[in-house]
Amino acid sequence: MMWLIGFEFESNFIFKKHQKTNNFIEKFVLDKSCAIEAISYPVELTNDVNKTKEGEVIGGTIIISGNLVQDHEFIYPYYRLLEAKSKLDVCIIGGKPVNGFLGTPLPPNKDQQVKDINQIKVEDYDLLVLPGGVKAMEKIRQNEKLIKFVSDFHKADKIIACICSGAQLLISAKIVKGKKIAGYYSMKDDIINAGGIY
């Protein structure tokens, strides 16, 4: 079964082969227009856990953001991951629900537990989702624990899905060098100066 997470807005992905399976796609060509991007991950869904086609358990997913995140960049992957029965956690810097840039209460499900950065561990997750929203990124990229989490996630050879201005977190974590990535057009120079290929 193919688990497809599609984003209908500017998106930015770092793809790596999953440690537990050789089925994960190794290449993803990014178009500079970035009208539609997607993560394609072969998983067989069983109840509340995800398994690879080989039957190996895949860990959970964490969405990390902060106040004034771009609403749809949070909501769309949030609901797609729930539809895919991912073991989904939400980390909001500050540890409580926030409002998106357009005023939407986030996370959108009132029963969703919200964790702070001190409450999450890299080893508990296999996928990290970083929604954009320039107002949110300007603030949360100053959080050293968050940046260390992103860096450690990368060092652990796990998958990071980053949307739009979320690339600022990748730049602060110093993990874009040599990678072909996309980001909000005003960040082109920042990505190139950090060693990335825009």
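The structure contained in this document is the topic of the report that follows. Quick caveat: nothing in here was measured; it's all calculated off a predicted structure.

What counts, and at which threshold
Residues numbered from 1 in each chain as written. Predicted model: local features only at pLDDT ≥ 70, side-chain atom pairs only at ≥ 80, totals over all residues. Heavy atoms only, no water. Patch = residues over 30% accessible without salt bridge, like charges linked within 9 Å, V, L, I, M, F, W, Y side chains within 5 Å. Areas by Shrake-Rupley, 256 points an atom, 1.4 Å probe, with all protein chains shown as cover. Salt bridge = Lys/Arg side-chain N within 4 Å of Asp/Glu carboxyl O. Helix = DSSP H or I, 4+ residues; strand = E, 2+ residues; numbered from the N terminus. Buried < 20%, exposed > 50% of the residue type's maximum accessible area, 1.4 Å probe, protein only. Expected span 1.5 Å × (residues − 1).

### Considering a nonpolar patch on the surface
Next, step 1: On the surface, Leu68, Phe101 and Leu102 cluster together to form a nonpolar patch covering roughly 290 Å² of accessible area.
Next, step 2: Looking at the secondary structure, you find Leu68 in the loop between β7 (60–65) and α1 (71–83).
Next, step 3: On the basis of relative accessibility, which here comes to 31%, the residue Leu68 falls in the partly exposed class.

### Overview of unusual backbone geometry
Among all residues save glycine, negative phi is the norm, and among peptide bonds the norm is trans.
Next, step 1: With an omega of 0°, the peptide bond running from Leu106 to Pro107 counts as cis.
Next, step 2: Along the chain, Pro107 falls in the loop between β10 (105–106) and β11 (114–115).
Next, step 3: Its identity as a non-glycine residue notwithstanding, Leu68 has a phi of 70°, on the positive side.
Next, step 4: The phi dihedral of Cys164 falls on the positive side, at around 55°, and the residue is not glycine.
Next, step 5: Note on Cys164: relative accessible area 10%, which makes it buried.

### Overview of α1
Next, step 1: Taking 1.5 Å as the rise per residue, α1 with 13 residues should run 18 Å; its terminal C-alpha atoms sit 18 Å apart, in good agreement.
Next, step 2: Taken together, the buried positions of α1 are Asp71, Glu73, Phe74, Pro77, Tyr78 and Leu81.
Next, step 3: Downstream of α1 by one or two residues, Lys85 has phi in the positive range, about 60°.

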